[in-house]
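# Survey of secondary and tertiary structure
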Amino acid sequence: MTETSAAPQAQTTVSAKRVVAPTPAPPPLDRAAWLEMMDRLSQDSGYFEPMGEKHWAFFVDESPTLIVTFEQLDDIRRRPAQLPMGHDVAKANGWSHLCLICDGDTWYRDKRVYGYFDRLVDDAFFEDFDHVVFMGTGVQGYAAAAFAVAAPGATVIALSPRATMDPAVAAWDKRTPKARAKDFNSRYGYAPDMVEGAGQVFVLHNPDVIEDAMHASLFRGKHITHFRLPSLPGRLDWALSHMRLIQQMVDAAVAGSLDPVSFAKLWRARRNFGPYLRTILDKAEAAGRTKREMMICRSVATRLQAPRFKKRLADLLAAQVAADLEADQDSGA
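Note that this is a predicted model, so its numbers are computed, not measured. (Residues numbered from 1 in each chain as written. Predicted model: local features only at pLDDT ≥ 70, side-chain atom pairs only at ≥ 80, totals over all residues. Heavy atoms only, no water.)

## A short note on helix α12 (residues 274-286)
- In this model, α12 (13 residues) spans 18 Å end to end at C-alpha, consistent with the 18 Å of a helix rising 1.5 Å per residue.
- By the burial criterion, the buried members of α12 are P275, Y276, L277, I280, L281 and A284.
- G288, located one to two residues past α12, shows a positive phi value of around 70°. (Helix = DSSP H or I, 4+ residues; strand = E, 2+ residues; numbered from the N terminus. Expected span 1.5 Å × (residues − 1). Buried < 20%, exposed > 50% of the residue type's maximum accessible area, 1.4 Å probe, protein only.)

Here is the structure:
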């Protein structure tokens, strides 16, 4: 790869009135520069290895704790620094990180990816680490569960994972019809079977998304813990990241303290998360549950700066007063 000029040093300006935060170096603007950046970041203590044209392995070796994430190229390049989410989690703790990157919804159903994991197994790669955590969301959640078989005893955190897209098993999932043409019955295929040898497996899903709930139900076993996250709009990884729960959840998993009780405490963060609050308010309104609307608006308006909820509460109260007056007039007549 060709050399690029060094990024300008971030500047920090301090004045009597305020401190201006350091200006981050601009991220790469094109694919070639991004590939070079990833290669450069891994040179000292790891590698950035292509597996054909659609997959890459990015590895940084820092400590005996390893987080293995499965992430999509477009998602990574949309992030502020164009680095994998797992990189941020690992860096915050000084952990090692292995990221399996795909370009598009490949589902990682590629013989070169199988071969890569075969090589890791042959080299006893995962045995060099005291703690190994596999993590992914959606299609990547499927991959995290499916390839966890390569590291027996590993912890798995799968957000909205697919179990398979084999039409014989999941014909009810119509969301990605092209995936049905892929082979989900060969090696590293049916994800629920592949986590049988894992340590703790945590499956998170939004029960409001029927397909996700059905996939989650296929993951069964005493070592599998299900966390239901109702009324959480959009992708779970996005929502949990914005609530700053990804880091805490992985920390707890590594420490061995992640369970329904500890997660319930983390999940309370939703009470301050705007998209969640708007969703439950919209649900209450759609169901005609006015008292619940009032309860939600009072709670949010008391705790947060929330003009929408304050206005909605005022409108509900005004409507209630008007209805009471009308009822009094009707009774007086």
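## Description of the environment of Q72
- Topologically, Q72 is positioned in strand β5 (residues 65-72).
- The sequence separation of Q72 and L100 amounts to 28 residues, and the corresponding C-alpha distance is 8.4 Å.
- Ignoring sequence-local partners within four residues, the contact set of Q72 consists of C102, G104, D105 and Q140.
- Side-chain polar atoms of Q72 contact the backbone oxygen of G104, separated by 3.3 Å. (Contact = heavy atoms within 4.5 Å. Polar contact = N/O pair within 3.5 Å; in protein donor to acceptor, adjacent residues only side chain to side chain.)

## Let's talk about the packing of helix α3 (residues 85-93) against helix α10 (residues 246-255)
- At a minimum axis distance of 10 Å, the contact between α3 and α10 shows a crossing angle of 60°. By the angle between their directions, the pair α3 and α10 is classed as oblique. As for the relative orientation of α3 and α10, their crossing is right-handed in sense. Facing α3, whose interface residues are M85, D88, V89, A92 and N93, α10 presents I246, Q247, V250 and D251.
- Of the residues contributing to the contact of α3 with α10, the split by class is five nonpolar, two polar and two charged. (Axes fitted to C-alpha atoms, helices over the stretch in contact; angles between N-to-C directions. Parallel < 35°, antiparallel > 145°, perpendicular 65-115°, else oblique. Left-handed = near helix turned anticlockwise from the far one by under 90°. Nonpolar A, V, L, I, M, F, W, Y, C, P; charged D, E, K, R; others polar.)

## Points about the confidence of the model for the chain
- Taken over all residues, the pLDDT of the chain has a mean of 90, while the share at 70 or more is 89%.
- Confidence drops under pLDDT 50 across residues 1-23; counting only partners more than four residues distant or on other chains, this segment forms 20 contacts. (pLDDT = per-residue confidence, 0-100.)

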